[in-house]
Amino acid sequence: MVTISVIKADVGGYPGHHSVHPDLIKAADQVLRGAKENGLLTDFRILACGDDLQLLMTHWKGCDNSEVHGMAWEAFLRATDAAKNLKLYGAGQDLLSDTFSGNIRGMGPGIAEMDIEERPSEPIVVFMADKTESGAWNFPLYKMFADPFNTPGLVIAPGVHMGFEFEVYDLFEKKKVVFKTPEDSYDLLALIGASERYVVKRIRTKDSKKVAAVTSTESLHLIAGKYVGKDDPVAIVRSQHEFPALGEVLEPFSFPFLVKGWMRGSHHGPFMPTSFEQAHPSRFDGPPRVIAAGFQMNNGYFVGPVDLFKDPSFDRARQKANEVADYMRRHGTFEPHRLGMSEMEYTTIPAVLDKLKDKFVPI
Ligand code: F6R
Ligand code: MG
Ligand code: MG
C-alpha cells in the first residue's frame with residue numbers, strides 16, 4: 001500500500017499573513033529532496049496556499065510513520081529558520097511544541113494521510129485552504145459523496161450507487177462516529193452542520209471499505225487553548241470509477257459557501273476557489289481561499305499537479321464570492337459576519353470581557 005501524506009503548517013508569512021516566501025519552499029525542498037534521495041520518500045511536491053506551506057508526500061511506510069512525520073517537522077523547522085532570517089511574519093507560528101516526540105499530530109501542523117492500493121488508474125485531488133477551519137470540508141464532502149444533485153453518479157453509476165460511509169469526529173469530546181449514506185443522511189447532517197465541532201475525518205466505500213477521502217482535523221485553538229491562527233485545513237479526495245468523477249468532486253466549489261476563519265479567525269466569509277497563483281488572500285485578510293491540485297498517481301509518483309480551479313467555469317463562483325464578501329463586510333463587527341460568542345472564546349473577546357467585569361452591575 002502506498003501512503004499519501006499531506007502535512008502543512010504556517011511557519012511564517014509575508015507580508016503579514018498573506019503568502020509563503022520562496023525561501024521557505026526552498027528550505028523545505030532541501031529536506032524533502034534529501035528524504036527522497038535516501039529512500040524515505042518516494043515522491044513529493046511542495047505547494048502553498050496563502051501563508052500555508054504544503055508538503056505533499058508519498059512513501060511506503062504507512063500513515064502516522066514517525067520517520068516521515070519527523071522529517072516533515074524538520075522541514076518546517078528549516079522553513080522557520082528561513083522565515084526568521086527574513087524577519088517574516090509569525091515565523092514558526094504553527095509549531096506549538098519545542099521537541100518532536102514521534103508523531104506530528106497535536107503539535108500544530110495539519111495532517112491528512114491515506115494508505116491506498118493504487119488502482120490501475122488513480123486520479124486524486126488535494127484541496128488546500130487558507131483562513132478557515134477543518135469543518136470547512138463538511139459541506140463540499142457531503143455534496144460530493146452524498147448529494148445526488150451534485151453527484152449524479154450516486155443515482156446513475158453502478159459503482160457509486162451504493163453510497164458511502166462518513167467517519168465524523170467530535171472535536172470537543174474527542175470521539176468519533178460512523179454514518180452510512182443515504183440511510184443515515186439526516187443524522188449525519190444534524191451533526192456536520194455544526195462544523196466547528198463535528199468534522200468529517202474520512203469517507204470510505206460501504207462494501208470494500210476503501211478510503212475515498214481524508215481531511216486534516218487538527219484544531220490549533222483546541223491544541224493551544226487560545227487563538228494562535230487558523231487551521232487552514234487540507235483534504236485528499238480520490239476520484240473516478242467507484243468514487244465521484246473529477247467534475248463531481250469539484251462541483252461543490254461552484255457555490256462559494258460561507259466558512260469561519262476570515263480576519264483574525266473571527267469572521268464568516270465566502271470560500272473562494274482560485275488558481276494557485278491567486279491563492280493570496282489580501283482583502284480583509286481574505287476572503288478564505290481554496291485551491292485544488294489534481295494528480296494521477298503512478299506507482300507512488302505524483303503525475304501533476306494540475307491547477308484545477310484555474311478554469312473560467314469557476315469565474316462566476318469567484319464573482320459571487322466577491323459579492324458575498326461585500327455584503328458580509330457591511331455588517332462590520334456584528335454577527336453573523338463576526339462569529340458567535342462561543343466561537344469567539346479563543347480570540348480577544350475574553351480579554352475585553354475581563355476588562356469590563358467590574359463595570360457590570362446586576363439588573
Ligand atoms: C491569520 C489571519 C489574520 C490574522 C490578522 C491578525 O490566519 O486570519 O487575519 O488573524 O492579520 O494577525 P496578528 O494577530 O498576527 O497581528
Ligand atoms: Mg499566518
Ligand atoms: Mg494560513
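These numbers were taken from a predicted model, which means no experiment stands behind them. (Residues numbered from 1 in each chain as written. Chains lettered and ligands numbered in written order. Predicted model: local features only at pLDDT ≥ 70, side-chain atom pairs only at ≥ 80, totals over all residues. Heavy atoms only, no water.)

**Observations regarding the coordination of the magnesium ion (ligand 3)**
The protein atoms donating to the magnesium ion (ligand 3) are D51 (OD), D52 (OD), D130 (OD) and D232 (OD), with metal-donor distances spanning 2.0 to 2.1 Å. The sequence pattern formed by the donor residues of the magnesium ion (ligand 3) is D-D-x77-D-x101-D. Here the magnesium ion (ligand 3) and the magnesium ion (ligand 2) are spaced 4.5 Å apart, linked through D51, which binds each one. In this pair, D52 sits in strand 3 (residues 52-59) while D130 sits in strand 5 (residues 122-130), placing the two residues 78 residues apart along the sequence. (Donors = N, O, S within 2.8 Å, 3.2 Å for Na, K, Ca; no water. Helix = DSSP H or I, 4+ residues; strand = E, 2+ residues; numbered from the N terminus.)

**Considerations on helix 2 (residues 66-85)**
Relative to the 28 Å expected for 20 residues at 1.5 Å per residue, helix 2 spans 28 Å between its end C-alpha atoms, a close match to the ideal helical length. Within helix 2 the residues assigned to the buried category are V68, H69, G70, M71, A72, W73, A75, F76, A79, T80, A82 and A83. Residues of helix 2 that are buried in the fold lie against strand 1 (2-9), helix 1 (22-37), strand 3 and strand 4 (110-116). Capping of helix 2 at its N-terminal end is provided by N65; its side-chain oxygen lies 3.0 Å from the backbone amide nitrogen of E67. Of the residues trailing helix 2, K87 is marked for its positive phi of about 55 degrees. (Expected span 1.5 Å × (residues − 1). Buried < 20%, exposed > 50% of the residue type's maximum accessible area, 1.4 Å probe, protein only. Contact = heavy atoms within 4.5 Å. Polar contact = N/O pair within 3.5 Å; in protein donor to acceptor, adjacent residues only side chain to side chain.)

**Things to note about the pairing of strand 6 (residues 164-170)**
In terms of burial, strand 6 is largely enclosed, as six of its seven residues are buried. As judged from the seven bridges shared by strand 6 and strand 8 (residues 198-205), these two strands associate in the antiparallel manner. Across the sheet, the residue bridging to F164 is T205, located in strand 8. Counted between consecutive antiparallel strands, the loop separating strand 6 from strand 7 (residues 175-180) contains four residues, among which K174 sits at a positive phi close to 55 degrees. (Pairing = 2+ DSSP bridges.)

**As for the environment of W262**
By secondary structure assignment, the location of W262 is in helix 8 (residues 262-265). Residues W262 and A190 lie 72 residues apart in sequence; the distance between their C-alpha atoms is 24 Å.

**Re the sheet that holds strand 1**
With respect to topology, four strands assemble into an open sheet ordered 2-3-1-4, the strand pairing being antiparallel. The sheet terminates laterally at strand 2 (43-49) and strand 4, the two strands that pair on one side only. Each neighbouring strand pair of the sheet contributes to a mean axis angle of 15 degrees, computed without reference to strand direction. Lying over the sheet, helix 1 contacts strand 2 and strand 3, oriented at roughly 165 degrees with respect to strand 2. With respect to the sheet, helix 2 is in contact with strand 1, strand 3 and strand 4, its orientation differing from that of strand 3 by roughly 150 degrees. (Axes fitted to C-alpha atoms, helices over the stretch in contact; angles between N-to-C directions.)

**Topic: the coordination of the magnesium ion (ligand 2)**
For the magnesium ion (ligand 2), the full set of protein donor atoms is D10 (OD), H17 (ND1) and D51 (OD), at a range of 1.9 to 2.2 Å. Written as a sequence motif, the donor residues of the magnesium ion (ligand 2) are D-x6-H-x33-D. Exposure remark for D10: the relative accessible area of 2% places this residue in the buried category.

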